[in-house]
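# Architecture at a glance
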Amino acid sequence: MSSGVQTDTGSGINMTAPSRADMLELQELALAVVWPGVELMPADDALAVLEAGKAQYDAMEALILASRLEAGASARSVESLLQEDDKTSKRSAKKRTRRAKAVKQNPTIAKKMQSGELSPDQSDVIAAGADKTNGAAAEDDELIEQVASTPPDQAKKVVDDWVREHTSRDQVQDRYDRQRRLRSVKRWTTDRDTDVLAIEG
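Below is a short write-up of the structure. (Residues numbered from 1 in each chain as written. Predicted model: local features only at pLDDT ≥ 70, side-chain atom pairs only at ≥ 80, totals over all residues. Heavy atoms only, no water.)

### Observations concerning a nonpolar patch on the surface
Let me state the cut-off plainly: The patches described consist of residues with a relative accessible area above 30% and no salt bridge, like charges being joined within 9 Å and nonpolar side chains (Val, Leu, Ile, Met, Phe, Trp, Tyr) within 5 Å. Throughout, the Shrake-Rupley method with a 1.4 Å probe supplies accessible areas, and for residues the shown protein chains are the sole cover considered. By convention in these notes, a salt bridge is any Lys or Arg side-chain nitrogen within 4 Å of a carboxyl oxygen on Asp or Glu. Classification of residues uses two cut-offs on accessible area relative to the type maximum, computed with a 1.4 Å probe and protein chains only: under 20% is buried, over 50% is exposed, and between them is partly exposed.
A cluster of nonpolar residues, M23, L26 and L29, forms a patch on the protein surface that exposes about 270 Å² of accessible area. Exposure remark for M23: the relative accessible area of 42% places this residue in the partly exposed category.

Laid out in C-alpha cells, this is it:
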C-alpha cells in the first residue's frame, strides 16, 4: 500500500493516516467479503444490512464535515467540497451540510446514527428544524428521542410543531426589536418655514 500522511493523535503518538487509495482498496476488499452473503439474504434482511452500512457512512461523513465547520469553514465551502466531483447536486450538498451543522451542534446525533437509533432521514428532519432555530432543535434531547421513535414523514410534523412552539414568540419579539431599531424620526423645516416630522420604520 502507498504511504500516508503523518498525524498527531493528541496522545503524543504519531500515526500514519492511510491514503485515499489505501482506503478505497480496503473498502473494495471488505465489499468483496460482504456482498456475496448479502446477495443470498432475503430482501428485507439484505436491505436492513445495507441501510445499517449506509448509516455508518453518513454518520462518519457528518462528523468529518462537522469538524471542518468547527475549524471555521463556512457552510458554503463545505457544500463546494461535496460538489468537487461534479456528481453531487446542490440540493444533496445543502442537505448533507445541514446535517453536519446539526452534528457540530450535537455530536450525539452522529452517534445515534451509528448505533441505528436514528436513521439518516430522521437526522435530516432534526437538522432541518435546527436550521430554523439557530441549532436549538439539535440540542433538545426529548425532541431527538421523539424523532427517533417516529417514521421520518410523521417526524417532520413533530419537528415543525416544535419549531412553531419555540420560535413564534421569539420571532415576534425579534421583529419588533428590529423595527424599533430601524424606526427613526426626522425633522426639517420647509421653504415656507413649516416644521415637518417624518417617522420612518
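### Section: the layout of surface pockets
Defined as follows: Here the term cavity refers to a set of points on a 1 Å grid, laid over the protein atoms alone, in which a 1.4 Å probe fits but cannot get out; the term pocket refers to an open set having protein on both sides within 12 Å along at least five of seven lines, with lining residues being those that place an atom within 4 Å of a point. Grid points are joined across faces, edges and corners, and a volume is the space filled by probe spheres set on the points. The helix count covers DSSP runs of H or I at least four residues long, the strand count covers runs of E at least two residues long, and both are numbered beginning at the N terminus. Residue classes follow a fixed rule: Ala, Val, Leu, Ile, Met, Phe, Trp, Tyr, Cys and Pro count as nonpolar, while Asp, Glu, Lys and Arg count as charged, and any other residue, Gly among them, counts as polar.
As a volume, the largest pocket reaches approximately 960 Å³. As for the largest pocket, its lining consists of 17 residues, and the residues nearest its centre are R20, L24, E61, I64 and R96. Elements supplying a minimum of two residues to the lining of the largest pocket: helix 1 (20-40), helix 2 (43-70) and helix 3 (75-82). Here the lining of the largest pocket is composed, by residue class, of 9 nonpolar, 2 polar and 6 charged.

### Comments concerning the side chain of T88
The following threshold applies: Whenever two N or O atoms come within 3.5 Å, that pair is a polar contact, provided that in protein one can donate a hydrogen and the other can accept it, and provided that, for residues adjacent in sequence, both atoms are side-chain atoms. The contact definition used throughout considers only heavy atoms, calling two residues in contact when any of these lie within 4.5 Å.
Looking at the secondary structure, you find T88 in the loop between helix 3 and helix 4 (90-105). Among the polar contacts made by the side chain of T88, one reaches the main-chain carbonyl oxygen of L82 at a distance of 3.1 Å. Ignoring any residue separated from it by four or fewer positions in sequence, one finds T88 in contact with L82, Q83, A93 and R96.

### Considerations on the nonpolar core
Soluble globular proteins tend to bury their nonpolar side chains together. Put simply, the rule reads: Here, nonpolar core means buried Ala, Val, Leu, Ile, Met, Phe, Trp, Tyr and Cys residues that are tied together by side-chain atoms lying within 4.5 Å of each other.
Formed by 22 residues in total, the largest nonpolar core has its most connected members in V103, I109, L118, I126, L143, V147 and V159. Elements with a contribution of two residues or more to this core: helix 2, helix 4, helix 5 (108-115), helix 6 (120-132), helix 7 (141-148) and helix 8 (152-182). Non-local contacts of V147, meaning those with residues more than four positions away in its chain, are made with L118, Q122, I126, A155 and V159. Counting residues in each nonpolar core, the second largest holds 6 residues, with L65, L82, A93 and A100 among its members.

### Observations concerning the packing of helix 4 against helix 6
This is how it is decided: To obtain each axis, a line is fitted to C-alpha atoms, and for helices this fit is confined to the stretch in contact; angles are then taken between N-to-C directions over 0 to 180 degrees. Orientation categories follow fixed angle ranges, with anything under 35 degrees roughly parallel, anything over 145 roughly antiparallel, 65 to 115 roughly perpendicular, and all other angles oblique.
At a minimum axis separation of 8 Å, helix 4 and helix 6 run at an interaxial angle of 75 degrees. It follows from the interaxial angle that helix 4 and helix 6 lie roughly perpendicular. Taking contact as the criterion, the partners of K95, R98, R99, K101 and A102 in helix 4 are, on helix 6, P120, S123, D124, A127, A128 and D131. Its residues placed into classes, the contact of helix 4 with helix 6 shows 4 nonpolar, 1 polar and 6 charged.

### So, helix 1
Short version of the rule: Each residue after the first adds 1.5 Å to the expected span of a helix. Note on bend: the value at a residue is the angle between axes fitted to the seven residues ending there and to the seven starting there.
Helix length check: helix 1, at 21 residues, gives a terminal C-alpha distance of 30 Å against a target of 30 Å (1.5 Å per residue), a fit within 8%. Within helix 1, the axis deviates most sharply at V34, by approximately 30 degrees, and proline P36 lies no more than four positions further along.

### Focus on unusual backbone geometry
Positioned with a positive phi, D86 is a non-glycine residue whose angle comes to about 60 degrees. Exposure remark for D86: the relative accessible area of 72% places this residue in the exposed category.

### A short note on helix 5
Formally: What the arc covers is the set of directions going from the helix axis to the C-beta atoms.
Buried residues of helix 5: I109, A110, K112 and M113, and no others. Seen along its axis, helix 5 keeps its buried residues to an arc of 160 degrees; they face one direction. Contacts from the buried residues of helix 5 go to helix 2, helix 4, helix 6 and helix 7. In the stretch just after helix 5, G116 is the one whose phi turns positive, near 90 degrees.

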